[in-house]
Amino acid sequence: MDLLKYFIYSITLVLMTSLTSFAQDDEDLYVQKEVKEPLQLKGIKFGVNVGRFSDFQFKPDRRSYEASFDINLSNKWFGVVEGGFSEVNFSRTIKISETETDEQTNTYSYQSDGTFIKVGFDKNMLKKFPSDYLGIGLRLGWSSFSHTANNINLDLDNWGNVTLPEMQKSYNAYWIEASFGVKGEIFKNVYLGWAGLVRIQFRGGKDSNFQAYDIPGFGNGNKSLHLAANYYIYYQIPFNRDK
Amino acid sequence: MKNIIYIFVLLISVITISCGDGECNLNTDSLLTGTFSVEDSTLKADLFLDSLSVYSTEWLDTINKWNLEENASFEFSLSPNDTITEVIVASKATTELDTLTFRYQNEVVFLSTECGFVVNFKIDTLISTYHLIDSISLVNDEITSEENGLIKIFYL
């Protein structure tokens, strides 16, 4: 008898649980869809890549500057244009061999300069803190630059010190850049942000004889895949800001 | 949230700044290897093979091959500023000289910032006189910093 009671109780419990679930599903059918608001201009942001200023201390051979301009649409989508300038200037002395009485060295000087521009968008994935940003972005990058090597001296066993003629070439390079980053409003309308970047070069900028040391805006010319980071300070001119 | 951001910025900065240039670990010499081979060591080559010299009028030094053994070799670079290099093979035992004339193309290659520039060569023609030399063979006409070119010089 106890067994029968237990069986009925179990069946009742299972049925009630199922009915409750069905009722829940039925309610879901009537949940109102989120109404999409039209995109609204929330601000125009100007930024400077402050990470580039570390070159003064840590890469004295290089000077590069980068600035950003973006259009904030409802704190969700950002149309972005970034551009800058880069120049490299250094001389190298390379020890080839060394004996007690003699040392063989090759030398050269290298200069490059060029500009770059990147156009794309950012997508903010934050919903809770709409004035801040945590999201992903995509850019199309283009760089135009030239580089020169001169004072190329080779110390050869048979020929002694040989000076080679100056080399000079100009290039265009194109790449795609994906980013993941954050921007926080540290003061009113002033933002600090960083982003991790993956750049993939897909056209130009390659030369089997005279490969560029640095492609402005892209990085090391020897690699087609480049990982980088940027650090920006922005000022936003607000429009239609929520009270 | 903002503390996490700042710490991450600091870490990324340190990682980025740590990436510096290193030393050159690549070979920067583009050399042509020549080998001397004797087809029959009992013949007249015996007279001069142990006292061979290789030189050019433009070189600083002469390559001397005393006590030459079979398949002994020497290495030199073609002129990086020219497309013709003449090399003379002489023997102390005789006044007869042989001249090897190389006609080639050269290209300057930027290996890397650490290693600088090298000159690679592609030999188009090799001409020789045959006073002491019996024959020559251009085995590898591409001379790069990664792989030497190769000529074989045969004596009877």
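Undergrad: Got a minute to help me understand the overall build of chain B in this structure?
TA: Helix and strand counts for chain B come out as one helix and ten strands. Traced from its N-terminal end to its C-terminal end, chain B shows the element sequence α-β-β-β-β-β-β-β-β-β-β. Surface exposure of chain B reaches about 8,400 Å², of which carbon and sulfur atoms provide 51%.

Undergrad: Help me out: how do you make sense of the pairing of strand E7 (residues 167–187) of chain A in this one?
TA: Consecutive side chains of a regular strand alternate in pointing toward one face of the sheet and then the other. Residues and elements named next belong to chain A. Inspection of the sheet shows strand E5 (residues 133–156) paired to E7 by 17 bridges, in the antiparallel sense. Bridged to isoleucine 136 within E7 is phenylalanine 180. Bridge count for E7 against strand E8 (residues 190–204) is 14 bridges, and the pairing is antiparallel. Paired with glutamate 177 across the bridge in E8 is arginine 199.

Undergrad: I would appreciate a short explanation of the interface of chain B and chain A in the present structure.
TA: Accessible area lost upon the coming together of the parts is a frequently used measure of interface size. Listed per partner, the contact involves 37 residues of chain B and 35 residues of chain A. Around 3,000 Å² of area is buried between chain B and chain A when both sides are counted, 65% of it from carbon and sulfur atoms. A per-residue breakdown of the area chain B buries against chain A is headed by Phe110, Thr113 and Phe117 of chain B, which together make up 21% of the total. Linking chain B with chain A are zero salt bridges.

Undergrad: Which parts of the structure should I look at to understand the state of the cysteines?
TA: By definition, a disulfide links the sulfur atoms of two cysteines through a covalent bond. Residues and elements named next belong to chain B. Counted under the stated rule, the structure contains one disulfide over all chains. Through a disulfide, cysteine 24 is tied to cysteine 115; the S-S separation comes to 2.0 Å. Disulfide cysteine 24-cysteine 115: the torsion about the S-S bond is 100°, which places it as right-handed. Remark: cysteine 115 occurs in the loop between strand E6 (94–112) and strand E7 (116–128) and cysteine 24 occurs in the loop between helix H1 (2–18) and strand E1 (32–38); sequence separation between them is 91 residues. Judged by relative accessible area, which is 24%, cysteine 24 ranks as partly exposed. A relative accessible area of 2% places cysteine 115 in the buried class.

Undergrad: Can you help me understand the sheet that holds strand E4 (residues 73–76) of chain B in this one?
TA: Where strands meet in a sheet, backbone hydrogen bonds hold them as pairs that are either parallel or antiparallel. Residues and elements named next belong to chain B. Taken in spatial order, the four strands line up as E4-E1-E10-E8 in an open sheet, and their pairing is mixed. If you trace the sheet from one side to the other, it starts and ends with E4 and strand E8 (135–140), each paired once. Here the average twist between neighbouring strands, direction ignored, is 20°. Judged from the five bridges that link them, E8 and strand E10 (residues 149–155) form a sheet pairing that is antiparallel. Bridged to isoleucine 136 within E10 is isoleucine 153.

Undergrad: Sorry if this is basic, but what is going on with the side chain of glutamine 201 of chain A here?
TA: Residues and elements named next belong to chain A. Checked against the element boundaries, glutamine 201 lands in strand E8. Taking relative accessible area as the criterion, glutamine 201 reaches 8% and is therefore assigned buried. Polar contacts involving the side chain of glutamine 201 include one to the main-chain carbonyl oxygen of glycine 204, which spans 2.4 Å. Ignoring any residue separated from it by four or fewer positions in sequence, one finds glutamine 201 in contact with Ala173, Tyr174, Trp175, Lys206, Ile215, Phe218, Lys223 and Ser224.

Undergrad: Can you help me understand the pattern of salt bridges in this one?
TA: When charged atoms on two side chains of opposite charge get close, those side chains can pair. Taken as a whole and judged by the stated rule, the model has 14 salt bridges over all chains. Between glutamate 66 of chain A and lysine 118 of chain A there is a salt bridge, with its nearest N and O atoms 3.6 Å apart. Taken together, the residues glutamate 66 of chain A in strand E2 (residues 62–73) and lysine 118 of chain A in strand E4 (residues 103–124) connect sequence positions 52 residues apart. An identical accessibility class is assigned to glutamate 66 of chain A and lysine 118 of chain A; each is buried. When the shortest N-O distance is used, the salt bridge between lysine 122 of chain B and aspartate 141 of chain B registers 3.1 Å. In this pair, lysine 122 of chain B sits in strand E7 while aspartate 141 of chain B sits in the loop between E8 and strand E9 (142–143), placing the two residues 19 residues apart along the sequence. Residues participating in the shared-partner salt-bridge network are Arg52, Glu66, Glu82, Lys118, Asp122, Arg139, Glu177, Lys183 and Arg199 of chain A.

Undergrad: Where do I start with a negative patch on the surface in this structure?
TA: A surface patch of like charges, here negative, comprises Glu107, Glu142, Glu146 and Glu147 of chain B. Its location among the elements puts glutamate 146 of chain B in the loop between E9 and E10.

Undergrad: Could you clarify how one ought to interpret the confidence of the model for chain B in this entry?
TA: Parts of the prediction with low pLDDT should not have their coordinates interpreted in detail. Residue and element names in this part refer to chain B. Predicted confidence across chain B gives a mean pLDDT of 81, with 75% of residues reaching 70 or more. Within chain B, the element-level pLDDT minimum falls on H1, averaging 52, and the maximum on E9, averaging 96. Both scores are given for the predicted complex: the pTM is 0.75, the ipTM 0.78.

Undergrad: Before we go on, may I ask you to explain a nonpolar patch on the surface in this structure?
TA: Residue and element names in this part refer to chain A. A cluster of nonpolar side chains, namely Leu41, Phe46, Phe69, Ile71, Val81, Ile117, Val119, Trp142, Tyr235, Ile237 and Phe239, defines an oily patch on the protein surface of about 870 Å² accessible area. For the nonpolar patch, the elements supplying multiple residues, two or more each, are strand E1 (41–49), E2, E4 and strand E11 (225–238). Looking at phenylalanine 46, the relative accessible area reads 41%, which means it is partly exposed.

Undergrad: What is the right way to read the packing of aromatic side chains from this model?
TA: Given two aromatic rings, their pairing is described by the distance between the two centres and the angle made by the two planes. Under the definition given, this model contains 25 aromatic pairs over all chains. Relative to phenylalanine 117 of chain B, the ring of tyrosine 108 of chain A lies with its centre 5.2 Å away and its plane at 80°, an arrangement referred to as edge-to-face. Residue tyrosine 108 of chain A is located in strand E4, and its partner phenylalanine 117 of chain B is located in strand E7; the two belong to separate chains. With relative accessibility at 2%, the residue tyrosine 108 of chain A sits in the buried group. Judged by its relative accessible area of 2%, phenylalanine 117 of chain B falls in the buried class. For the cation-ring pair, lysine 183 of chain A lies above tyrosine 133 of chain A, with the distance from its terminal atom to the ring centre recorded as 4.6 Å.

Rules used in this analysis
Along each chain, the written sequence defines residue order, and numbers are assigned to residues from 1. Whichever chain is written first is A, and whichever ligand is written first is 1; the rest continue in order. Only residues with pLDDT of at least 70 get local features here, since the model is predicted, and only at 80 or more are side-chain atom pairs given and counted; chain-wide, interface and lining totals rely on the full set of residues. In computing side-chain values, all of the structure's heavy atoms are included and hydrogens and water are not. In DSSP terms, a helix is any run of H or I states spanning at least four residues, a strand is any run of E spanning at least two, and both are numbered starting from the N terminus. Computed with a 1.4 Å probe, the accessible areas rest on the Shrake-Rupley method; for each residue, only the protein chains presented here act as cover. Paired strands, as defined in this entry, are two strands with at least two bridges between them according to DSSP. By definition, residues are in contact when any of their heavy atoms lie within 4.5 Å. As used here, buried area is the combined drop in accessible area, with a 1.4 Å probe, of two parts when they are placed together. Basic side-chain nitrogens of Lys or Arg form a salt bridge, by our definition, when they fall within 4 Å of a carboxyl oxygen of Asp or Glu. Put simply, a disulfide is two cysteine sulfurs that come within 2.5 Å. Each residue's exposure class comes from its accessible area (1.4 Å probe, protein chains only) as a fraction of the maximum for that residue type: buried when under 20%, exposed when over 50%, partly exposed otherwise. Geometry is summarised by axes, namely lines fitted to C-alpha atoms with helices restricted to the contacting stretch, and by angles between N-to-C directions that run from 0 to 180 degrees. In protein, a polar contact requires one atom able to donate a hydrogen and another able to accept it; more generally it is a pair of N or O atoms within 3.5 Å, and residues adjacent in sequence count only if both atoms are side-chain atoms. Patch membership requires more than 30% relative accessible area and the absence of a salt bridge. Residues of like charge join within 9 Å; the nonpolar side chains Val, Leu, Ile, Met, Phe, Trp and Tyr join within 5 Å. Charge assignment in this entry is limited to Lys and Arg as positive and Asp and Glu as negative, and neither His nor the chain termini are counted. Note on charges: their place is set at NZ of Lys, CZ of Arg, CG of Asp or CD of Glu. pLDDT measures the predictor's confidence residue by residue and takes values from 0 up to 100. Stacked, tilted and edge-to-face are the three classes applied to pairs of Phe, Tyr and Trp rings, where Trp contributes its six-membered ring and a pair requires centres within 6.5 Å; stacked means planes under 30 degrees apart, edge-to-face means over 60, and tilted covers the rest. Working rule: Lys NZ or Arg CZ, within 6 Å of ring centre, within 35 degrees of ring normal, means a charge sits over the ring.

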